[in-house]
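Summary of the model geometry
Take a look at the letters that make up each chain.
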Amino acid sequence: MPADPVTDNYCRPVSGALYSRVQPTPVADPKLLALSNDVAERVGLNTRTCDQTQLASVFSGNELLPGMDPHATVYGGHQFGHWAGQLGDGRAINLGDVLGADDIAWTLQLKGAGATPYSRQADGRAVLRSSVREFLCSEAMHHLGVPTTRALSLVLTGDTVVRDMFYDGNPRAEPGAVVCRASPSFIRFGHFELPAARGDVALLENLLDFVITTDRPDLHGRLSSGDATDRRSACLDWFAGVCDSTQFMVLQWMRVGFVHGVMNTDNMSVLGLTIDYGPYGWIDDYNPDWTPNTTDSEQRRYRFGQQAAVARWNLFQLANALYPVIQDAEALQSILNSLPGKYEVARRKMQASKLGLPDEALGDPAFTELLDDLEHLLVCQPIDMTIFYRCLIDFACEHDAPAANERSQASLSDAIAPALYPVEASDPDGIAVANRSIFKQWGRSYRQFLQRYPLNAMTRRKNMSAVNPAFVLRNYLVQQAIDTLEQGDSTEFETLFRLIQQPYECLAEPDRRFATRRPAWASNRAGCSMLSCSS
Ligand code: AMP
Ligand code: MG
């Protein structure tokens with residue numbers, strides 16, 4: 001792809017190019033805080049023979065290795081529904097690609113390694129708290145089976161960075177850090193939107209060719225056959241693939257209770273990977289209207305329950321950007337029109353799997369009602385989403401047999417009691433008086449489904465345990481790890497780093513406390529339930 005001919009590092013509009021060469025700005029005293037061995041292996045690093053000091057030096061941007069060609073890319077984007085013009089890698093610097101052990105070319109990217117031509121008014125740096133959040137969450141998502149960019153390393157820079165966390169006139173100096181991210185590609189929807197907005201069809205076409213060539217070898221034949229119809233169909237297939245992988249990603253977010261928080265089109269990967277961990281959050285008490293992002297608290301555009309619709313809005317922007325090259329509005333529209341239906345089919349299947357029901361149950365006339373009633377139950381009073389589904393495993397496995405009918409009538413509330421947040425006017429078991437019948441009825445319907453679609457209890461348990469995590473990276477847990485890490489104690493951070501690597505395992509002592517409800521003190525605290533874009 002064409003490079004910006006200017007190599008001086010100052011902020012400017014860049015057109016006719018995809019990237020600018022830029023050197024990372026050295027940091028004072030880099031210290032390696034964490035390294036993901038799994039990512040290291042994939043990118044071909046042998047962590048046993050690597051020198052820790054050199055790792056810190058390379059992955060903070062202080063030292064370049066032979067072959068590295070640092071550069072920042074230029075993209076635009078729709079932010080909170082509005083076209084924002086040129087954005088670009090303001091604090092991300094690609095070091096280059098390495099061919100990994102699995103034959104995948106991984107791009108290594110430093111986040112927080114200093115200003116680039118796209119830094120606008122900002123400093124190109126990142127604070128420790130947001131870097132810890134990005135490092136842990138990327139790896140947590142990977143182990144949960146959610147498509148994501150990865151995190152190789154977390155390095156403390158030894159410099160401080162000044163941030164006004166809630167934009168309220170209270171700036172403070174915070175420790176700075178650099179995360180090295182790894183992904184087969186960091187290309188975003190916004191990379192296409194910018195040349196499209198500028199009417200640079202040549203660059204747009206070049207970029208589309210480049211992306212299909214690198215990401216979709218299966219489409220090479222048609223792309224380069226020389227026939228215009230073949231070419232167009234390859235481009236349309238690529239777009240349809242982006243739609244599918246994006247919808248799949250969002251579905252996985254919904255499965256584990258993840259809220260991205262800033263689904264601007266510049267934060268959407270064309271590979272359907274979760275990218276740019278900012279003010280993200282995890283659902284504790286189930287609430288489709290919840291967003292952790294205080295910057296979005298009025299409009300709640302990026303709230304939990306809205307994510308699939310927003311993804312489609314973003315895909316619509318991508319389709320608009322591609323139109324000058326593909327020039328087939330009808331075909332693009334028809335792909336977009338198919339998305340809600342496809343998503344709904346996948347959502348029902350995902351929900352069935354969370355409930356431990358085999359695919360046959362999807363065709364049951366009562367299945368839609370079972371899901372609707374479940375949604376109603378989950379919002380009728382504060383219920384912890386993760387714990388609820390995990391508790392449902394025991395309930396499901398005990399109530400397979402028809403003989404259990406009588407005993408099971410009342411026991412849904414017993415089974416899910418650990419998931420209930422305290423409410424006023426509740427039964428001793430924690431169910432609000434007004435909600436008693438909702439729980440009873442749903443328990444009965446669910447039990448009928450379990451009996452109608454019987455499965456060996458061991459199989460049911462295994463299936464449900466593989467899609468309902470026991471451990472998610474709750475907001476307050478990361479915040480505690482950050483607080484202690486800032487004071488020099490990495491114990492809590494290391495515990496979380498260990499737990500995210502086995503999220504579906506039952507937690508035994510001394511880790512039991514990580515599988516319990518969010519404590520009351522954390523429900524209204526900065527970093528725990530409220531996060532801003534400041535990072
Ligand atoms: P985000 O909301 O983090 O996805 O960032 C939106 C845009 O702001 C992107 O172009 C980022 O590169 C840029 N940006 C965010 N923080 C900084 C920073 N500290 N320095 C330079 N650019 C930044
Ligand atoms: Mg971003």
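1. Here's the deal with empty space enclosed by the protein
With the rule as written, the count across this model stands at three cavities of 30 Å³ or more. Here the largest cavity defines a volume of roughly 150 Å³. Lining of the largest cavity is provided by 17 residues; of these, Arg129, Arg133, Leu531, Ser532 and Ser534 occupy positions nearest its centre. Elements with a contribution of two residues or more to the lining of the largest cavity: helix H3 (128-144) and helix H16 (475-486). For the lining of the largest cavity, the per-class residue count stands at eight nonpolar, seven polar and two charged. Among the domains, domain 1 (19-186) and domain 2 (199-347) are the pair contributing at least three residues each to the lining of the largest cavity. In this structure, the second largest cavity occupies an estimated 80 Å³ of space.

2. Looking at the packing of aromatic side chains
What the rule picks out here adds up to 19 aromatic pairs. Aromatic side chains phenylalanine 80 and tyrosine 302 sit 5.3 Å apart centroid to centroid with 35° between the ring planes, which places their arrangement in the tilted category. Of this pair, phenylalanine 80 sits in the loop between strand S4 (76-79) and strand S5 (82-86) while tyrosine 302 sits in the loop between strand S11 (281-282) and helix H8 (307-326), and the two are 222 residues apart along the sequence. Taking the relative accessible area as the measure of exposure, tyrosine 302 reaches 1% and is therefore buried. With centroids separated by 6.1 Å and ring planes inclined at 65°, the aromatic side chains of phenylalanine 258 and tyrosine 277 adopt a geometry described as edge-to-face. In this pair, phenylalanine 258 sits in strand S10 (residues 258-259) while tyrosine 277 sits in the loop between S10 and S11, placing the two residues 19 residues apart along the sequence. As far as burial versus exposure is concerned, phenylalanine 258 and tyrosine 277 are alike and both buried. In textbook terms, an aromatic cluster arises when at least three aromatic residues are bridged by ring pairs, as seen for Trp253, Phe258, Tyr277, Tyr280 and Trp282. Seen from the ring of tyrosine 280, arginine 133 lies directly overhead, with NZ or CZ sitting 4.0 Å from the centre. In this structure, arginine 301 packs its charged tip against the face of tryptophan 313, placed 4.6 Å from the ring centre.

3. Quick look at the site of ligand 1
Ligand 1 sits among 17 residues. The nearest are Gly88, Gly90, Arg120, Gly124 and Asn267. One of the side-chain nitrogen or oxygen atoms of aspartate 123 is found 3.2 Å away from a nitrogen atom of ligand 1. Between glycine 124 and ligand 1, the recorded distance is 2.8 Å, taken from a backbone N or O atom to a nitrogen atom. Protein burial of ligand 1: of its 480 Å² of free accessible surface, 81% is covered by the chains. In this structure, ligand 1 is accommodated by the largest pocket. For the shell around ligand 1, a count of residues per class yields three nonpolar, six polar and eight charged. Composition of the shell around ligand 1 by domain shows at least three residues from each of domain 1 (19-186) and domain 2 (199-347).

4. Topic: the pairing of strand S9 (residues 172-183)
Along S9, nine of the 12 residues are buried, which leaves the element largely enclosed by surrounding structure. Relative to S9, strand S7 (residues 105-111) runs antiparallel, the two being bridged by five bridges. Residue pairing in the sheet places glutamine 109 in a bridge with arginine 181 of S9. Across 10 bridges, the pairing between strand S8 (residues 150-163) and S9 is antiparallel. Residue threonine 160 lies in a different strand from S9, and its bridge partner there is proline 175.

5. A few points about the packing of H3 against H16
In the contact formed by H3 and H16, the axes pass within 10 Å of each other and the chain directions differ by 130°. As far as their axial angle goes, H16 and H3 are oblique. Classified by chirality, the crossing of H16 by H3 is right-handed. Contacts between H3 and H16 involve Leu128, Arg129, Val132, Arg133 and Leu136 on the former and, on the latter, Val478, Ile482, Leu485 and Glu486. Residues that form the contact of H3 with H16 fall into these classes: six nonpolar, no polar and three charged.

6. Topic: a negative patch on the surface
Side chains of Glu369, Asp372, Asp373 and Glu375 sit close together on the surface and give a patch of like negative charge. Secondary-structure assignment places glutamate 375 in helix H10 (residues 367-380). Residue classification places glutamate 375 among the partly exposed positions, given a relative accessible area of 32%.

7. Quick notes on unusual backbone geometry
Cis peptide bonds are those with omega within 30 degrees of zero, and the linkage from glutamate 509 to proline 510 qualifies with 5°. If you trace the backbone, proline 510 turns up in the segment after helix H17 (491-499). We note that arginine 120 has phi near 50°; this positive angle belongs to a residue other than glycine. Residue position: arginine 120 is located in the loop between S7 and H3.

8. Considering the domain arrangement of the protein chain
The domain boundaries assigned to the protein chain delineate domain 1 (19-186), domain 2 (199-347) and domain 3 (357-454). The distance between the C-alpha centroids of domain 2 and domain 3 comes to 34 Å. Listed per partner, the contact involves 11 residues of domain 2 and 10 residues of domain 3. Surface buried jointly by domain 2 and domain 3 totals about 780 Å² across both partners, of which 59% is contributed by carbon and sulfur atoms. Across the domain 2-domain 3 interface, the total number found is zero salt bridges. Taken together, domain 2 and domain 3 are joined by three residue pairs in polar contact (both at pLDDT 80 or more). In terms of residues, the side of domain 2 that touches domain 3 owes the most to one element, helix H7 (residues 228-256), which gives three residues. In terms of residue class, the side of domain 2 that touches domain 3 is made up of six nonpolar, one polar and four charged.

Definitions and cut-offs
Residues numbered from 1 in each chain as written. Chains lettered and ligands numbered in written order. Predicted model: local features only at pLDDT ≥ 70, side-chain atom pairs only at ≥ 80, totals over all residues. Heavy atoms only, no water. 1 Å grid on protein atoms, 1.4 Å probe; cavity = no way out; pocket = protein on both sides within 12 Å on 5 of 7 lines; lining within 4 Å. Points joined across faces, edges and corners; volume = space filled by probe spheres on them. Helix = DSSP H or I, 4+ residues; strand = E, 2+ residues; numbered from the N terminus. Nonpolar A, V, L, I, M, F, W, Y, C, P; charged D, E, K, R; others polar. Domains from an automatic or database assignment. Phe/Tyr/Trp six-rings, centres within 6.5 Å; stacked < 30°, edge-to-face > 60°. Buried < 20%, exposed > 50% of the residue type's maximum accessible area, 1.4 Å probe, protein only. Lys NZ or Arg CZ within 6 Å of the ring centre and 35° of its normal. Near = heavy atom within 4 Å. Polar contact = N/O pair within 3.5 Å; in protein donor to acceptor, adjacent residues only side chain to side chain. Areas by Shrake-Rupley, 256 points an atom, 1.4 Å probe, with all protein chains shown as cover. Sits in = over half its atoms within 2 Å of the grid points. Pairing = 2+ DSSP bridges. Axes fitted to C-alpha atoms, helices over the stretch in contact; angles between N-to-C directions. Parallel < 35°, antiparallel > 145°, perpendicular 65-115°, else oblique. Left-handed = near helix turned anticlockwise from the far one by under 90°. Contact = heavy atoms within 4.5 Å. Patch = residues over 30% accessible without salt bridge, like charges linked within 9 Å, V, L, I, M, F, W, Y side chains within 5 Å. Salt bridge = Lys/Arg side-chain N within 4 Å of Asp/Glu carboxyl O. Lys, Arg positive; Asp, Glu negative; His and termini not counted. Charge placed at Lys NZ, Arg CZ, Asp CG, Glu CD. Buried area = accessible area lost by both parts, 1.4 Å probe.

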